[in-house]
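Working through the structure, step by step
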Number of protein chains: 2
Amino acid sequence: MNQVIFIIGVSGVGKSTVGNLLSKEMNILFFDGDDYHPKENIEKMKSGKPLNDEDRYEWLISLNELAKAQLEKGSCVIVCSALKENYRELLGQGIENHVKWVHLSGSFETIYNRMNARKDHFMPSELLKYQFDTLEIPQNAITINVELTPTEIVTKIRTELMDKSEFGLLGLGVMGKNLCRNLANNGFKISMFNRHVDGIEEHVAKDFKSEHEELSSVRPFDDLKEFVDSIQSPRKIMLMINAGKTVDTVINELLPFLSDGDIIIDGGNSNYNKTKERFEYLESKNIHFIGAGVSGGEEGALKGPSIMPGGNIEAYNMVHPFLETIAAKDENNLPCCSYIGPEGSGHFVKMVHNGIEYAEMQLLAEVFGILKAAGKNPDEIAVVIESWKETANSYLLGITIDILRKKENGDWLINKILDKAGNKGTGNWATVAAAELGAPSTLIASALFARYTSYYKEDRVDAQKTFRNSSTSNIGMSLDDLLNTYQFARIINHYQGFNLINQASTNYGWDLNLSDIARIWTAGCIIKSDLMTELAEVLKESTTILKSEKIIQQIKILKPSANKIVSQCITQEIPIPCLSESINFFNSFTTANSSANLIQAQRDFFGAHTYRRIDDPSGEFHHTKWNLNS
Amino acid sequence: MNQVIFIIGVSGVGKSTVGNLLSKEMNILFFDGDDYHPKENIEKMKSGKPLNDEDRYEWLISLNELAKAQLEKGSCVIVCSALKENYRELLGQGIENHVKWVHLSGSFETIYNRMNARKDHFMPSELLKYQFDTLEIPQNAITINVELTPTEIVTKIRTELMDKSEFGLLGLGVMGKNLCRNLANNGFKISMFNRHVDGIEEHVAKDFKSEHEELSSVRPFDDLKEFVDSIQSPRKIMLMINAGKTVDTVINELLPFLSDGDIIIDGGNSNYNKTKERFEYLESKNIHFIGAGVSGGEEGALKGPSIMPGGNIEAYNMVHPFLETIAAKDENNLPCCSYIGPEGSGHFVKMVHNGIEYAEMQLLAEVFGILKAAGKNPDEIAVVIESWKETANSYLLGITIDILRKKENGDWLINKILDKAGNKGTGNWATVAAAELGAPSTLIASALFARYTSYYKEDRVDAQKTFRNSSTSNIGMSLDDLLNTYQFARIINHYQGFNLINQASTNYGWDLNLSDIARIWTAGCIIKSDLMTELAEVLKESTTILKSEKIIQQIKILKPSANKIVSQCITQEIPIPCLSESINFFNSFTTANSSANLIQAQRDFFGAHTYRRIDDPSGEFHHTKWNLNS
């Protein structure tokens, strides 16, 4: 991959000398940034006036254009002081993945003495001091001390740049492997690591490399120190390992080999509270930590997942070229990866993503159950669901059609699968978070508990014998009504999911961008859908989708169908916990005066918990001695 | 209150001397236990044969009878070596609240030397050694070192017994105050403490004492050290303070004043995980900790609550005379307090009690909402609900009738109460526990989320305007069907609650007795009901009430009504999350072959999570490459 190496630092640090030498050793072109000042700047400088940021703008843009043009042909070295972060942003604009920063650094005394030892230079100490004051130390650069000789410096740069990997990936399970291929396919130079376990996990990285041509320049490791040492600093290491204690173990194993400013990315489904703890722990060790949700399954990991990184923005800025490049692209070709917010917010958002996913899957399962009860076979059900693509398309809808059609020895495979649905924690955590944050995420909870109930297989078999007389009679219903019911429930599910995120954002002060979160879920991830694309727009206007005129109109059309289908299923004894809950939540949510006043009265009766009154706008709490005159 | 003071200890420790002196100083009768041996024992001892436990049985029983008879007349002192715990149990049988143990204790050397210094006694060292080996040191006794003079010993006993309280209660909120009155009404000598906060909480304990005659002999404190010092050791101190960090703060404030073997009881609604942590923390400090759920509200605390204590059984045995005496009594006059199990199990069970309570309250609120929608006013609704007492009586049903009838200035008070239902944590924790333990406690979750939704008052008012056309038309329904629906949902709620307890019992190895838990919920607590009384029997046979023939028959009668009412409410857009969920859970639970196979197929499709097959009894996991031939 072609690269532009920017050599930066204060005046007198030796940028030109090092740049020239490097260009010769690497056999690539050398450019001195100062040669590209526009006429006006040169005249201004000649007249002794200092340049301001406005003057610099045009110049930096022209250097950026130079870099872009050169990249078409090959690699090059450009020297330029680039003291401020926003100068560097302009220089690297649009070519973030191809830019390497080398920061030549030294103490004020060293550089002052060196400069004034040269015959043809004289720099007043005020001017150098001004440069030091202006310098915003780059975090994402190879930093080299100028007390080394130019030759030593160039050797060091070459080792860092040429021999070392830009990115490390640790943990070669299904997801880790596919992310490695994705990174390599995008031209990144990476190292990959998998632990060695005698007889169980041996030469995993090496063997994996040999299986795929695109991994030919990837460096495989099963020695942790060698893996860490193979990565350019500041190191970017992504963990793709099981959530839980393993993450802490691996972090503690890594720590002795890391240096200040290195970045660990946890790409697993970690609990957001744990991510916050780890963030703080690693902060105390001067290591950056990014908790990044990654969704898209096997296929997404390979072709472009949706990525939800949380942590501090400075650390994110150092890894975004990698993450945003490998991420899926939305309909406007923007990456489905964007900075979520501080602490564990990335993993929180991923957790809610999975919660929404639980409910979306359960809704499809309920539709499947209804159509089965109506006497249809899997192929017939697939035909019905396929016809819904026009109005209700989604990734999950699509794979459901494939699943229903899959046959094995002439029979549908679905009929052979045991009806116990597993779970790996995120649906559980989403329900816990909803309970703790006071957000009524009833569809996520229903979907979770439906999976739990599925585990009572033996009890279910017994209970059917005990309680059900015969097979239920065939249910007759309008397929349009069923589609409307499904769509209605999906809107409620998405309302509740985004409401939960919004509640967390408020509670924890995360300041999350709901619309952008919906946008990065429009491609790459498991819950991508036409509805999500619509919601990315809707959420630009309001944090609650139930206030959008478009959604309101849809609900008004869909709701009567939902009433019909759900009451029919209740009568026919078909289990539909999620569909049913969507209606009950909506009916509660649209009841201005609910019967919760009775609950509050009961609480005051037995526990003196007090109540507020509708005729007392002060909001004060009242207590009644209820049972005295009763 | 009359007392029997047993002075116990190994031979030669000076029991008779001390007992005689004490009886004179206190002006009460003295009995030497040895005088009450039956003839056979005396002969056996004369013949030089040692007594065995069988020989002792009759003798101990006669001493117990002596004690009982004396108690009718006044207090007394009885001396008796009573070296083993089961001897002491026999001695105290049926008079646990009136027995005080004084253990005279000294080292082997001290006693050996003292005995052989007496002219008329000689005890071979083997015999004394045998006594020391036999001695099971009593934990619930006033222990006094015999190196003091008899007069000093008697003074110490008197101080401990006469001047000190038997029980301390810390925290005089609504519940704490009523528990103090309950303890005092039962004749216990107690100390009570409330902190001093300038200008806010001043002289709380003192003022409270002056308000109630029954508290005349209670000792009030606002100085913690004085409070602790006023209690007999081992001290029994019950905390009635807000759950949360306050509990840790108070424990740490108490610790410097406590001695080894003292007992703290946390009677608040603490989280069971915290109770486990505190149990372990205090164990490391040699302090016993009992986490005890207390239910019954204000009235229960005064007249007899239901108490659910967890911790170690030894500590419970020291406090049960207090707790079981103040507890409510069931229909067989047994106390509604019984040892639940280890660690935080008492608070876990209380948490589920509250979860069941949440759902029971929500079900009544839903019934109220349905009858309101049917056009009935609160008095008319009260008439309907009152007629249900015959088949569905419960404490909550009863107070609901009172609430509905309460008027204020000619209007029903219920109509003035704001419909935002608060919560204090236990419903939330119960939902979290259900999610974490994998138990489908859907009614508790629905009830919790219904309260959360009630908090969206402003959104609800807006949404009603946006989404609802006009007032819903009056709903016509059979009141019998409604009662059946309510009863059906209550059975499901109780099934799920006990299932959650059973799941925790299995997971944590607590070995809980579900029937006994139901029994202590038949009186004193908020969820006492005729159904609970029935379940205490049902749960003797099975850990799941849905396997009881009686319950099965009830469900078969009730379910058709529930189908009717719930589908009607859905059609009429009346929110009934809990009623509806009871049906959906039951329909899921009675579906032998559910559509969870589709969910498992989807999980395998996008995440390679694998599935099991109905045609592979090995239970092995299978994976399909789903999208290759689709």
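A few points on the structure. (Residues numbered from 1 in each chain as written. Chains lettered and ligands numbered in written order. Predicted model: local features only at pLDDT ≥ 70, side-chain atom pairs only at ≥ 80, totals over all residues. Heavy atoms only, no water.)

Structural notes on the overall build of chain A
Tallying secondary structure elements over chain A gives 27 helices and 14 strands in all. Reported as C-alpha extents along the three principal axes, the dimensions of chain A are approximately 100 × 70 × 45 Å. Per-residue burial over chain A gives 59% buried out of 630 residues. If you sum the accessible surface of chain A, you get close to 25,200 Å²; carbon and sulfur atoms cover 48% of it. When the 64 positive and 81 negative side-chain charges of chain A are each reduced to one mean point, those points stand 1 Å apart. (Helix = DSSP H or I, 4+ residues; strand = E, 2+ residues; numbered from the N terminus. Buried < 20%, exposed > 50% of the residue type's maximum accessible area, 1.4 Å probe, protein only. Areas by Shrake-Rupley, 256 points an atom, 1.4 Å probe, with all protein chains shown as cover. Lys, Arg positive; Asp, Glu negative; His and termini not counted. Charge placed at Lys NZ, Arg CZ, Asp CG, Glu CD.)

Remarks on the interface of chain A and chain B
By a widely used convention, the size of an interface equals the accessible area lost when the partners come together. Each side of the interface is counted separately: chain A has 122 residues, and chain B has 122 residues. Of the roughly 10,800 Å² buried between chain A and chain B on both sides combined, carbon and sulfur atoms contribute 61%. Where chain A touches chain B, the interface holds 8 salt bridges. Close ionic contact of Glu-408 of chain B with Arg-613 of chain A constitutes a salt bridge, the shortest N to O distance being 2.8 Å. In this structure, the connection of chain A to chain B is made through 58 residue pairs in polar contact (both at pLDDT 80 or more). (Contact = heavy atoms within 4.5 Å. Buried area = accessible area lost by both parts, 1.4 Å probe. Salt bridge = Lys/Arg side-chain N within 4 Å of Asp/Glu carboxyl O. Polar contact = N/O pair within 3.5 Å; in protein donor to acceptor, adjacent residues only side chain to side chain.)

A few points about the sheet that holds strand β5 (residues 142-145) of chain B
Residues and elements named next belong to chain B. Strand order in the open sheet formed by 5 strands is β2-β3-β1-β4-β5, and the pairing between neighbours is parallel. Strand pairing shows two members of the sheet lacking a second neighbour, β2 (29-32) and β5, which therefore form its edges. When the angles between neighbouring strand axes are averaged without regard to direction, this sheet yields 20°. Where strand β1 (residues 4-8) and strand β3 (residues 76-79) come together, 4 bridges link them in parallel fashion. When the sheet's bridge partners are listed, Phe-6 is paired in β3 with Ile-78. With respect to the sheet, helix α1 (residues 15-26) is in contact with β1, β2, β3 and β4 (99-105), its orientation differing from that of β1 by roughly 155°. (Pairing = 2+ DSSP bridges. Axes fitted to C-alpha atoms, helices over the stretch in contact; angles between N-to-C directions.)

Focus on unusual backbone geometry
With the exception of glycine, most residues fall at negative phi, and the peptide bonds are largely trans. Residue and element names in this part refer to chain A. Residue Pro-234 follows Ser-233 across a cis peptide bond; omega there is -5°. Along the chain, Pro-234 turns up in the loop between α10 (224-229) and β9 (236-239). Despite not being glycine, Asn-286 has its phi angle at roughly 65°, a positive value. Positionally, Asn-286 belongs in the loop between α12 (272-283) and β11 (288-295). What makes Asn-286 partly exposed here is its relative accessible area of 44%.

So, the relation of the copies chain A and chain B
In screw terms, the move from chain A to chain B is a rotation of 180° and a rise of 0.0 Å along the axis, fitting with an RMSD of 0.2 Å. The transformation relating the two chain copies, once decomposed into turn and shift, fits a two-fold axis. For chain A, the smallest separation between a C-alpha atom and the rotation axis is recorded for Ser-567 of chain A, amounting to 2.1 Å. Both copies present the same face, since 100% of the interface residues in chain A are matched by interface residues at the equivalent positions in chain B. (Least-squares fit on C-alpha atoms with pLDDT ≥ 70 in both.)

Looking at the state of the cysteines
Each disulfide consists of one covalent bond between the sulfur atoms belonging to two cysteines. Residue and element names in this part refer to chain A. In this structure the tally under the stated criterion is 0 disulfides over all chains. Free of any disulfide, Cys-180 has its nearest neighbouring cysteine sulfur in Cys-337, separated by 17 Å. According to the relative accessible area criterion, Cys-180 is buried, its value standing at 0%. Free cysteine Cys-569: the closest other cysteine sulfur is in Cys-578, separated by 13 Å. (Disulfide = S-S within 2.5 Å.)

Here's the deal with the sheet that holds strand β5 (residues 142-145) of chain A
The strands making up a sheet associate through backbone hydrogen bonding, with each pair oriented either parallel or antiparallel. All names here are of chain A. Read across the sheet, 5 strands follow the order β2-β3-β1-β4-β5 without closing on themselves; strand pairing throughout is parallel. Edge strands, defined here as strands with exactly one partner in the open sheet, are β2 (29-32) and β5. Each strand of the sheet is rotated relative to its neighbour by a mean of 20°, with strand direction disregarded. Sheet topology note: the β2/strand β3 (residues 76-79) ladder contains 4 bridges and is parallel.

With respect to the environment of His-212 of chain A
Here His-212 of chain A lies in the loop between α9 (204-211) and β8 (219-221). Expressed as a C-alpha distance, the spacing of His-212 of chain A and Glu-298 of chain A, which sit 86 residues apart in the sequence, is 16 Å.

Details of the pairing of strand β7 (residues 190-193) of chain B
Residue and element names in this part refer to chain B. Taking every second residue as pointing to the same face, both faces of β7 are buried, with Ile-190 and Met-192 on one and Ser-191 and Phe-193 on the other. Where strand β6 (residues 167-170) lies against β7, 4 bridges are found, and the strand directions are parallel. For Leu-170, the partnering residue across the bridge sits in β7 and is Phe-193. Between the parallel pair β6 and β7, the chain is carried across by helix α8 (residues 174-185), and the sense of this crossover is right-handed. (Right-handed = clockwise from strand over helix to strand, strands pointing away.)

Notes on helix α15 (residues 345-373) of chain B
Residues and elements named next belong to chain B. With 29 residues, α15 should reach 42 Å at 1.5 Å per residue; the first-to-last C-alpha distance of 42 Å fits that figure. Where burial is concerned, most of α15 is hidden: 28 out of the 29 residues are buried. The first or second residue beyond α15 is Gly-375, which carries a positive phi of 90°. (Expected span 1.5 Å × (residues − 1).)

A look at the packing of helix α22 (residues 479-508) of chain A against helix α25 (residues 549-572) of chain A
Residue and element names in this part refer to chain A. In contact at an axis separation of 7 Å, α22 and α25 are set at 120° when each is read in the N-to-C sense. As summarised for this structure, α22 and α25 are arranged oblique, according to the angle between their axes. The two elements α22 and α25 cross, and the hand of that crossing is left-handed. Contacts from Asp-481, Leu-482, Asn-484, Thr-485, Gln-487, Phe-488 and Ile-491 of α22 reach α25 at Ile-551, Gln-554, Ile-555, Ile-557, Leu-558, Lys-559, Ser-561, Ala-562, Lys-564, Ile-565 and Val-566. In the contact of α22 with α25, the residues fall into 10 nonpolar, 5 polar and 3 charged. (Parallel < 35°, antiparallel > 145°, perpendicular 65-115°, else oblique. Left-handed = near helix turned anticlockwise from the far one by under 90°. Nonpolar A, V, L, I, M, F, W, Y, C, P; charged D, E, K, R; others polar.)

Concerning the packing of aromatic side chains
Applying the stated criterion across every chain, the model contains 50 aromatic pairs over all chains. Relative to Phe-322 of chain B, the ring of Phe-188 of chain B lies with its centre 4.7 Å away and its plane at 45°, an arrangement referred to as tilted. Within this pair, whereas Phe-188 of chain B is found in the loop between α8 and β7, its partner Phe-322 of chain B is found in helix α14 (residues 313-326), the two being separated by 134 residues in sequence. The class for Phe-188 of chain B is buried, based on a relative accessible area of 4%. Between the aromatic rings of Phe-585 of chain B and Phe-589 of chain B, the centroid separation amounts to 5.5 Å while the plane-to-plane angle is 25°, which identifies the pairing as stacked. Within this pair, Phe-585 of chain B and its partner Phe-589 of chain B are both found in helix α26 (residues 577-589), separated by 4 residues, close to a single helical turn. Under the relative-accessibility criterion, Phe-585 of chain B is labelled buried at 3%. Put simply, the rings of Tyr-272, Phe-348, Tyr-508 and Trp-510 of chain A pair up and form one aromatic cluster. (Phe/Tyr/Trp six-rings, centres within 6.5 Å; stacked < 30°, edge-to-face > 60°.)

Points about the pattern of salt bridges
Oppositely charged side chains can pair when the atoms bearing their charge come close. Summed over the entire model, instances satisfying the criterion amount to 66 salt bridges over all chains. Glu-280 of chain B is the salt-bridge partner of Lys-276 of chain B, the closest N and O atoms lying 3.5 Å from each other. You can see Lys-276 of chain B and its partner Glu-280 of chain B sitting in helix α12 (residues 272-283), 4 residues apart, about one turn around the helix. Here Lys-276 of chain B falls in the partly exposed class, since its relative accessible area comes to 32%. Taken together, the shared-partner salt bridges in this structure form one network comprising Asp-53, Arg-56 and Lys-84 of chain A.

Some details on the side chain of Asn-271 of chain B
Among the structural elements, Asn-271 of chain B can be located in the loop between β10 (263-266) and α12. A distance of 2.8 Å separates a polar atom in the side chain of Asn-271 of chain B from the backbone nitrogen of Asn-273 of chain B.

A short note on the side chain of Asn-563 of chain B
The topology assignment puts Asn-563 of chain B in helix α25 (residues 549-572). Only 2.8 Å separates the side chain of Asn-563 of chain B from the side chain of Glu-573 of chain A, close enough to count as a polar contact. The contacts of Asn-563 of chain B, once residues within four sequence positions are left out, are Ile-570, Thr-571 and Glu-573 of chain A together with Ile-583 of chain B.

Quick notes on the environment of Tyr-87 of chain A
Residue and element names in this part refer to chain A. Along the chain, Tyr-87 turns up in helix α4 (residues 85-92). Distance from Tyr-87 to Leu-60, taken between C-alpha atoms, is 6.9 Å for residues 27 residues apart in sequence. The contact partners of Tyr-87, leaving out residues within four places of it in the chain, are Asp-53, Arg-56, Leu-60 and Ala-82.

Honestly, it's all geometry; don't read function into it.
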